[in-house]
Amino acid sequence: RVDLMLVPTALSYPPLFGEEGEGGAATGGTEAFANDVMTVPASLAGLPAISVPVRVPPSPHGSRSSSSSPGNADGGGGGRTATAAAASAMVGLQLFGPQLSEETVLRAAAVLEETS
């Protein structure tokens, strides 16, 4: 038994401003739907959930790309500039709990948001 679960909200980093492609304005409906797959289990199960924006420090292994996974150890390639690689990224972390735990989920989300 667990009190809360913390999972990524999406399977990839959000695109940089003005970037097209995965997650960007030019993304097809299928790609956008696939990127939201992490939000489906809590919704189908009727569990209280919230997505919290969290700043992720830059990877020491290189720049990120929107097509690389936030959990990818090598940070992806993507051909980013040094400035973009040095910037930290904002990602969504989804926090969810058992049925009727809305208050606990909201309190934990507030703490997570304050500390990131």
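Model, not experiment: these values are computed from the prediction.

For an α-helix, the turn length of 3.6 residues means that residues three or four places apart are oriented alike. When the terminal C-alpha atoms of helix α4 (residues 102-115) are compared, their 20 Å separation across 14 residues agrees well with the 20 Å that a helix rising 1.5 Å per residue should span. Among the residues of α4, Val 105, Ala 109 and Leu 112 are the ones counted as buried. Buried residues of α4, viewed axially, fall in a sector of 65°; they line one side. Along α4, the residues that are exposed and aim more than 90 degrees away from the buried face are Glu 103, Leu 106, Arg 107, Glu 114 and Thr 115. Considering only its buried residues, α4 is in contact with β1 (5-8), β2 (49-56) and β3 (89-96).

Now for the environment of Pro 48. With respect to the secondary-structure elements, Pro 48 resides in the loop between α2 (40-45) and β2. Since its relative accessible area comes to 10%, Pro 48 is described here as buried. When the C-alpha atoms of Pro 48 and Phe 96 are compared, they prove to be 5.6 Å apart, with 48 residues separating the residues in sequence. Not counting residues within four places of it along the chain, the set of residues in contact with Pro 48 comprises Leu 95, Phe 96, Gly 97, Pro 98, Gln 99, Ser 101, Glu 102 and Val 105.

The next point concerns the side chain of Asn 35. Within the secondary structure, Asn 35 is located in helix α1 (residues 29-35). The buried category is assigned to Asn 35, whose relative accessible area is 15%. Here Leu 11 takes part through its backbone nitrogen, which lies 3.1 Å from a polar atom of the side chain of Asn 35. A distance of 3.3 Å separates the side chain of Asn 35 from the backbone nitrogen of Ser 12, its partner in a polar contact. Ignoring sequence-local partners within four residues, the contact set of Asn 35 consists of Thr 9, Ala 10, Leu 11 and Ser 12.

About the criteria used
- Residues numbered from 1 in each chain as written.
- Predicted model: local features only at pLDDT ≥ 70, side-chain atom pairs only at ≥ 80, totals over all residues.
- Heavy atoms only, no water.
- Helix = DSSP H or I, 4+ residues; strand = E, 2+ residues; numbered from the N terminus.
- Expected span 1.5 Å × (residues − 1).
- Buried < 20%, exposed > 50% of the residue type's maximum accessible area, 1.4 Å probe, protein only.
- Arc of directions from axis to C-beta.
- Contact = heavy atoms within 4.5 Å.
- Polar contact = N/O pair within 3.5 Å; in protein donor to acceptor, adjacent residues only side chain to side chain.

Just distances and angles here, no functional claims.
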